Amino acid sequence: MTKHLIKSLTLLAAALFLAGTPIQAQETSNARFTVHVVQRGENLFRIALKYNKFAEEIADANGITDSDSIAVGQRLIIPLPAGAPQEQITHVVSAGETLANIATAYDKSVSQLMELNRLAAADLIYVGQELTIADGDPIARVETTGSSQPSASNAGKATPVPAIAPDAGIRHSFSRTGDLSQVFVHTVQSGETLSEIGLRYNQTIDALARANNLADPGLLSVGQRLVVPGIRLPQLTRELPESVIAFTIDPLVFSAGRSGRIELLTTEPVTISGRFLGRELRVIAREAGKRHNILIGIPMFTELNVYPMTLELRNEFGQSTPIGANVQVIAGGYGRQTIRISDSELLAPEVEAEETALLALLTDRFTPERSWINSLSLPAAAPINAVFGILRSYNGSPFDRYHGGVDFAGAPGTSILAAADGIVVMVDRLHIRGNTTLIDHGWGLYSLYAHQDETLVQLGEVVATGQVIGTVGSTGRSTGPHLHWEVWLNGVNIDPMQWVREVFP
Ligand SMILES: [Zn+2]
């Protein structure tokens, strides 16, 4: 289905390109559109009404001569008003910068940047963070340029690409009457190669090069947008019942080691249960049972594939309705590291497995009240020197282990701060993690602080965001003083920085 869509987008782009060239040799024209999938009971008139268009405009855009001839499942191009192209601009935070001076430098306001980057507070930025200064247009769009012949060096860029950044936090909402389908696009980050991008999406270099008409797969530029073939956006497995106002899956595809959110809005109070990746989902009911949120942690070594999510809605009269969607899981793109250590330093894997199993068990307890607001705070005022998720090979072994937290290079004695309000559910000395504190933040979310010199809180103690709970040390299996910070969601170890950058649910 995605293939067809790419094809139709490419065809339309080619048509615009041909039509535009002779008349506007100097100018850049921008045509924007979205794609509508025809649902049962719809006609051209009703679809036009939905998008504030005339039926004739849609018929014209799709070469339809007989307005009765549209079929359920048919994809229609809906033209949108042309807009100025907006480049995505990003800024990497360096030491000593504040959001206020970054905003001034780009002629933006602090609140604009906070909104664009989903920051809960202005001081939530960190060195090395990539901030979005101006966002690309999130609506599918085709750009045609006046240049007559794409040269080898810009062949990739000349390919018209609708813009959807995978990690931009764009929500994919289903409504009962329409499904706005979009092509999945990856924005090239600094230092990325086509082979790394391929690994992340489980695609060959060849497939990516072909889909993007790349003459030289070695020539990528930062910010370049690549269509990723074979990525399926969430697809409903059955029609949504009338009572569902919105069914939102965010992000569009899930990444191993990261978190996703589901939201369901209904016209009547319902009870929801469901399963995904072989686990029972923890469904949070709000607003008298008319709003439901589900937070999902994707285990790091989940096989890259498309998985069914099945949900069951039960109303107050006991009537139950199944709904479902197929959601794709891709790799997190965390990178790899080969570590050489002496055999005596190599820890028996069973010790590690035992400790991880204990934490999985403790963090699988669900507290129905949440105590965090929007996102997590950083747990130390210190530079980050190891990120979450790097796949590790020890002395040439397979890459079957990964770094399960974020390391902060704090000097010994540096304060460790609670990342959010919560309750201390464990203070213990573990083999690998040394002096460790585990805090329950509710709704299945936990944070863990390892290798501490001193722990300053007790089991059962209620803590507040930013409260000093211990000091940086080198206890347990540690090569030097640092804080190793982990986040767990419903018994799954996940990337903590996503919870610092993004707002949940
Ligand atoms: Zn670590």
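Analysis parameters
Residues numbered from 1 in each chain as written. Predicted model: local features only at pLDDT ≥ 70, side-chain atom pairs only at ≥ 80, totals over all residues. Buried ≥ 20, exposed ≤ 12 C-beta atoms within 10 Å, placed from the backbone. Helix = DSSP H or I, 4+ residues; strand = E, 2+ residues; numbered from the N terminus. Arc of directions from axis to C-beta. Contact = placed C-beta atoms within 7 Å. Pairing = 2+ DSSP bridges. pLDDT = per-residue confidence, 0-100.

Trainee: Mind showing me how you'd approach helix 7 (residues 194–201) here?
Mentor: Since the α-helix packs 3.6 residues into each turn, any two residues three or four apart lie on the same face. Of the positions making up helix 7, those classed as buried are Leu194, Arg200 and Tyr201. Down the axis of helix 7, the buried set is contained in an arc of 120°. They therefore lie on one face. Here the buried face of helix 7 lies against helix 8 (205–211) and strand 19 (320–330).

Trainee: Can you help me understand the sheet that holds strand 20 (residues 336–339) in this one?
Mentor: Sheet strands associate in pairs through backbone hydrogen bonding, adopting either a parallel or an antiparallel arrangement. Across the sheet, 3 strands lie side by side as 20-22-23; this open sheet has mixed pairing. Two strands lie at the open edges of the sheet, namely strand 20 and strand 23 (401–402), each paired on one side alone. Both strand 20 and strand 22 (residues 391–394) contribute to a ladder of 4 bridges, which runs parallel. When the sheet's bridge partners are listed, Arg336 is paired in strand 22 with Leu391.

Trainee: Looking at this structure, how should I read the environment of Val270?
Mentor: Topologically, Val270 is positioned in strand 14 (residues 270–276). Between the C-alpha atom of Val270 and that of Leu313, which follows or precedes it by 43 residues, the distance is 6.1 Å. Setting aside residues up to four positions removed in sequence, Val270 forms contacts with Ser243, Gly289, Leu313, Arg314 and Asn315.

Trainee: Sorry, what's going on with the environment of Leu304 here?
Mentor: Within the element layout of this structure, Leu304 appears in the loop between strand 17 (291–297) and strand 18 (305–315). Taking the C-alpha atoms as reference points, Leu304 and Arg200, 104 residues apart in sequence, are found 9.0 Å from one another.

Trainee: Which parts of the structure should I look at to understand the pairing of strand 18?
Mentor: Each regular strand shows side chains that alternate between the opposite faces of the sheet. Inspection of the sheet shows strand 14 paired to strand 18 by 6 bridges, in the antiparallel sense. By the bridge assignment for strand 18, Gly274 is matched with Leu311.

Trainee: Just checking my understanding: could you explain unusual backbone geometry for this structure?
Mentor: Backbone phi values are negative for most residues with the exception of glycine, while trans is the configuration of most peptide bonds. A cis amide bond links Asp250 with the next residue in sequence, Pro251, at an omega value of 0°. When you line up the elements, Pro251 lands in the loop between strand 11 (244–250) and strand 12 (254–255). Cis geometry marks the peptide bond from Phe504 to Pro505; its omega dihedral reads 5°. For Pro505, the location among the structural elements is in the segment after helix 10 (496–501). Even without being a glycine, Asn374 presents a positive backbone phi close to 65°.

Trainee: Would you take a moment to explain the confidence of the model for the chain for this structure?
Mentor: Reading fine detail from the predicted coordinates is not recommended where pLDDT is low. Per-residue pLDDT for the chain has a mean of 78; in total, 78% of the residues score no lower than 70. Of the regions scoring below 50 in pLDDT, residues 82–87 engages in 12 contacts with residues more than four places distant in sequence or in other chains. Here residues 136–182 scores under 50 on pLDDT; set against residues more than four positions off or in separate chains, the count is 127 contacts.

Trainee: What should I look at first to understand the pairing of strand 13 (residues 259–266) in this one?
Mentor: In the sheet, strand 11 pairs with strand 13 via 6 bridges, with the strands oriented antiparallel. Of the residues in strand 13, the one forming a bridge with Val244 is Thr266. In terms of strand pairing, strand 13 meets strand 17 through 7 bridges, oriented antiparallel. Its bridge partner lying in strand 17, Gly260 is registered against Ile296.

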